[in-house]
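# Fold and contact review
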Amino acid sequence: SDHALEYPVSPADMDWAKFYPEYVSESTSSEEANSSQPRPLKQDVEIVDIGCGYGGLLVALSPILPDKLMLGLEIRSQVTAFVQERIYALRKQSPGAYQNAACIRANSMKFLPNFFRKAQLAKIFICFPDPHFKARKHKARIVSTTLNSEYAFALRPGGVIYTITDVEALHEWMVEHLEAHPAFERVADEEVESDPCVAVMRAETEEGKKVARNKGLKFVALFRRREDPPW
Ligand code: SAM
């Protein structure tokens, strides 16, 4: 339950330093050193993998986007610990690499605005989310009218939500809900196919690999955050 989840009161209260130690800002004025505020990073987290599972996407994306900080959000504590260990081991094995990837335990359905400021993110990945097939469980889906507004808040104009699933009905659900949202427009197929992140999402997620072994289909849809209207 939530009382076991740690989350900041607001994005300014989030202490990122332990997750991205190589990115901690070096400017340590005495004022900053004495402050109780968390040590700031040189740059913000810009990429989020919601329900990152075992971290396949993060680990594959880290060297492809080496200048971007990326974060996996995972609700299961043991799975989170696994991903943290995985990244830690990769950092040790390849000094200098994988410093831009991290994973935290979080319920993305509840606490996204606690972690990210408005327009902070460039990309949000939603890869093979739990389908929650039964109608009475649909409210547990990670794409919904309410949550889409939170994604729209955290994403900057021009930013992209990436979705992939092997469940066609869930794909249709995600497309329907994201297309209906005024902040999002669907990205055209050509652009989807030429985006290197899409190949990673298909091939490197643990679920993507499982679906490939079972020769299943994968449905991909991307949505761009529109500019806010001028009022
Ligand atoms: N994205 C990974 C992949 O493609 O291999 C894992 C997909 S797995 C089917 C769905 C994951 O989402 C699980 O690891 C689950 O624990 C996580 N999850 C479900 N609800 C969540 C929530 N509210 N916040 C964070 N993670 C969640």
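Reading the values: the criteria
Residues numbered from 1 in each chain as written. Predicted model: local features only at pLDDT ≥ 70, side-chain atom pairs only at ≥ 80, totals over all residues. Heavy atoms only, no water. Phe/Tyr/Trp six-rings, centres within 6.5 Å; stacked < 30°, edge-to-face > 60°. Helix = DSSP H or I, 4+ residues; strand = E, 2+ residues; numbered from the N terminus. Buried < 20%, exposed > 50% of the residue type's maximum accessible area, 1.4 Å probe, protein only. Lys NZ or Arg CZ within 6 Å of the ring centre and 35° of its normal. Patch = residues over 30% accessible without salt bridge, like charges linked within 9 Å, V, L, I, M, F, W, Y side chains within 5 Å. Areas by Shrake-Rupley, 256 points an atom, 1.4 Å probe, with all protein chains shown as cover. Salt bridge = Lys/Arg side-chain N within 4 Å of Asp/Glu carboxyl O. Lys, Arg positive; Asp, Glu negative; His and termini not counted. Charge placed at Lys NZ, Arg CZ, Asp CG, Glu CD. Disulfide = S-S within 2.5 Å. Polar contact = N/O pair within 3.5 Å; in protein donor to acceptor, adjacent residues only side chain to side chain. Near = heavy atom within 4 Å. Nonpolar A, V, L, I, M, F, W, Y, C, P; charged D, E, K, R; others polar. Pairing = 2+ DSSP bridges. Right-handed = clockwise from strand over helix to strand, strands pointing away. Contact = heavy atoms within 4.5 Å.

The next point concerns the packing of aromatic side chains. Applying the stated criterion across every chain yields a total of eight aromatic pairs. With 6.2 Å between their ring centres and 20° between their planes, Trp 16 and Phe 116 make a pair best called stacked. With a gap of 100 residues between them, Trp 16 in the segment before helix H1 (30-34) and Phe 116 in the loop between helix H4 (108-115) and strand E4 (121-127) connect regions that are remote in the sequence. Phe 116 carries the same exposure label as Trp 16, and that label is buried. Note on Phe 115 and Phe 116: the rings are 6.1 Å apart at their centroids and 40° apart in plane angle, and the pair reads as tilted. Assigned by exposure class, Phe 115 and Phe 116 land together as buried. One aromatic cluster is present, formed by Trp 16, Phe 19, Tyr 20, Phe 115 and Phe 116 through successive ring pairs. For the cation-ring pair, Arg 141 lies above Trp 173, with the distance from its terminal atom to the ring centre recorded as 4.7 Å.

All right, on to a positive patch on the surface then. Together, Lys 134, Arg 136, Lys 137 and Lys 139 give the surface a local cluster of positive charge. Looking at the secondary structure, you find Lys 134 in the loop between E4 and helix H5 (145-154). Judged by its relative accessible area of 55%, Lys 134 is exposed.

A few words now on the state of the cysteines. Here the structure, examined in full by the defined rule, presents zero disulfides. Cys 103 forms no disulfide, and the closest cysteine sulfur to it belongs to Cys 52, at a distance of 3.7 Å.

Before going further, it helps to spend a moment on the pattern of salt bridges. Two side chains carrying opposite charge are able to pair once their charged atoms lie near each other. The full count for this structure, using the stated rule, is 13 salt bridges. Note that Lys 68 and Glu 46 form a salt bridge whose closest N and O atoms lie 3.7 Å from each other. Of the two residues, Lys 68 is situated in the loop between helix H2 (56-61) and strand E2 (69-74) and Glu 46 in strand E1 (residues 45-50); the sequence distance between them amounts to 22 residues. By relative accessible area, which is 32% here, Lys 68 ends up partly exposed. Residues Arg 226 and Glu 185 are paired through a salt bridge, measuring 3.4 Å at the closest nitrogen-oxygen approach. Taken together, the positions of Arg 226 in the segment after strand E7 (219-225) and Glu 185 in strand E6 (residues 184-186) put the pair 41 residues apart, joining distant regions of the chain. Looking at Glu 185, the relative accessible area reads 32%, which means it is partly exposed. Connected via shared salt-bridge partners are Glu 46, Lys 68 and Arg 156.

On to the side chain of Asn 107, then. Mapped onto the secondary structure, Asn 107 falls in the loop between strand E3 (101-105) and H4. Engagement of the side chain of Asn 107 in a polar contact is seen with the backbone nitrogen of Met 109, the distance being 2.9 Å.

This part takes up the site of the ligand. Taken together, 18 residues form the shell around the ligand, and within it Gly 51, Glu 74, Arg 76, Asn 107 and Cys 127 come nearest. At 2.8 Å from an oxygen atom of the ligand is found a side-chain nitrogen or oxygen belonging to Arg 76. In the model, a nitrogen atom of the ligand is placed 2.8 Å from a nitrogen or oxygen of the Asn 107 side chain. Expressed as a share of its isolated accessible area of 590 Å², the protein-covered part of the ligand is 89%. Mapped by element, the contributors of at least two residues to the shell around the ligand are E2, H4 and helix H9 (206-213). Of the residues assigned to the shell around the ligand, the class counts are eight nonpolar, five polar and five charged.

What follows deals with the pairing of E3. Taken across its five residues, E3 has four buried, putting it largely inside the fold. Here five bridges tie E2 to E3, and the two strands are oriented parallel to one another. Bridged to Met 70 within E3 is Ala 101. Crossover handedness for the path E2 to helix H3 (residues 77-93) to E3: right-handed.

So, on to the side chain of Arg 225. The topology assignment puts Arg 225 in strand E7. Here the side chain of Arg 225 touches Asp 228 through a polar contact of 3.1 Å, side chain to side chain. Apart from the residues within four sequence positions on either side, Arg 225 is in contact with Lys 118, Ala 152, Leu 155, Arg 156, Pro 157, Gly 158, Gly 159, Ala 183 and Phe 184.

So far we have only geometry, and geometry alone does not tell us how the molecule works.
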